[in-house]
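This is what each chain is made of:
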Amino acid sequence: MTDPAMVKSGHDRIENDAYDTLEAKWLVKALKRAYGLPSVAWEPHAGKGDLVDALKNESVAVYASDKTPRRHDVLERNFFDYRQVPSGQIRGIVMNPPYDDLDIHVEHALFLMAQVKGTVALLARAEWSYAKSRAHLFKFDAFAAKVELTTRPRWFADGSGSPRHNFAWYIWDFIKSPKQKPVITWGVK
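Reading the values: the criteria
Residues numbered from 1 in each chain as written. Predicted model: local features only at pLDDT ≥ 70, side-chain atom pairs only at ≥ 80, totals over all residues. Heavy atoms only, no water. Salt bridge = Lys/Arg side-chain N within 4 Å of Asp/Glu carboxyl O. Helix = DSSP H or I, 4+ residues; strand = E, 2+ residues; numbered from the N terminus. Buried < 20%, exposed > 50% of the residue type's maximum accessible area, 1.4 Å probe, protein only. Pairing = 2+ DSSP bridges. Right-handed = clockwise from strand over helix to strand, strands pointing away.

Structural notes on the pattern of salt bridges
Part 1: For the structure on display, the rule yields 8 salt bridges.
Part 2: Close ionic contact of Glu58 with Lys32 constitutes a salt bridge, the shortest N to O distance being 2.8 Å. Taken together, the residues span a long stretch of sequence, with Glu58 in the loop between helix H3 (50-57) and strand E2 (61-66) and Lys32 in helix H2 (residues 24-34) at a distance of 26 residues.
Part 3: Residue classification places Lys32 among the partly exposed residues on the basis of a relative accessible area of 39%.
Part 4: For the salt bridge of Glu127 with Arg125, the shortest nitrogen-to-oxygen distance reads 4.0 Å.
Part 5: One salt-bridge network, in which partners are shared between bridges, spans Lys29, Lys32 and Glu58.

Remarks on the pairing of strand E5 (residues 119-125)
Part 1: With 6 of 7 residues buried, E5 lies mostly within the body of the structure.
Part 2: As paired strands, strand E4 (residues 92-95) and E5 are joined by 4 bridges and run parallel to one another. Residue Ile93 lies in a different strand from E5, and its bridge partner there is Val120.
Part 3: The β-α-β motif built from E4, the intervening helix H4 (residues 102-116) and the parallel element E5 has right-handed crossover chirality.
Part 4: The pairing of E5 with strand E7 (residues 167-173) spans 7 bridges and is antiparallel. Bridge assignment links Ala121 to a residue of E7, and that residue is Ile171.

Put into C-alpha cells, the structure is as follows:
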C-alpha cells in the first residue's frame, strides 16, 4: 500500500528503498558526540557510500557492503548471507537500512554483534520505537540509547522546504552493563 505522504511529496519511491544518507557527515558527528563510534565498523547497506565516507572522516575503519552497491569500493554482498561478521576486527554495525524490512535488518545486526560483543547504531524515524511489535528490541540488556536528532535530515538532493520526519539513532551495546539503564539524549547538527 502506498503511503499517502509519499504521494504528496512530489517524489517517486526509489527502487529497493535506496535512499542515500545525504547528510551523513553531521549525522555521524551527532552520533559520535552523543554516544561514540566503534573503531572498526561495518556498513552493510552502504549504497553509494555516504555513511562510509562520514565514518572514515571520523577515523573509523569501515567494511562496506550492499546487495546492490553503487560505488566501486562497496562490496556486493547480501547482509542476510552472513552468519558472522566478515572481519574479526569489526565491533560495530552503523546502518541506514531499507525501511521495507527494517525490523529484520535490526534483528540480524543484533544477532551478529552479540557474537562479538559489539554495538549496533541504527538510523531510523524517531517514532520507530513506539510499535508494540518492537518492544522486545528495547527490553533486553543491550539496548543502550536513543539519540534524537534535533534537525531533520534531507533525503532528496533537490528537496525544497522543510523535511517532514524526525529521526534518531538507536544504539544497542553488548558491552554495556545490564545494570545500566538506557538513555535518551539528543544529537545536534
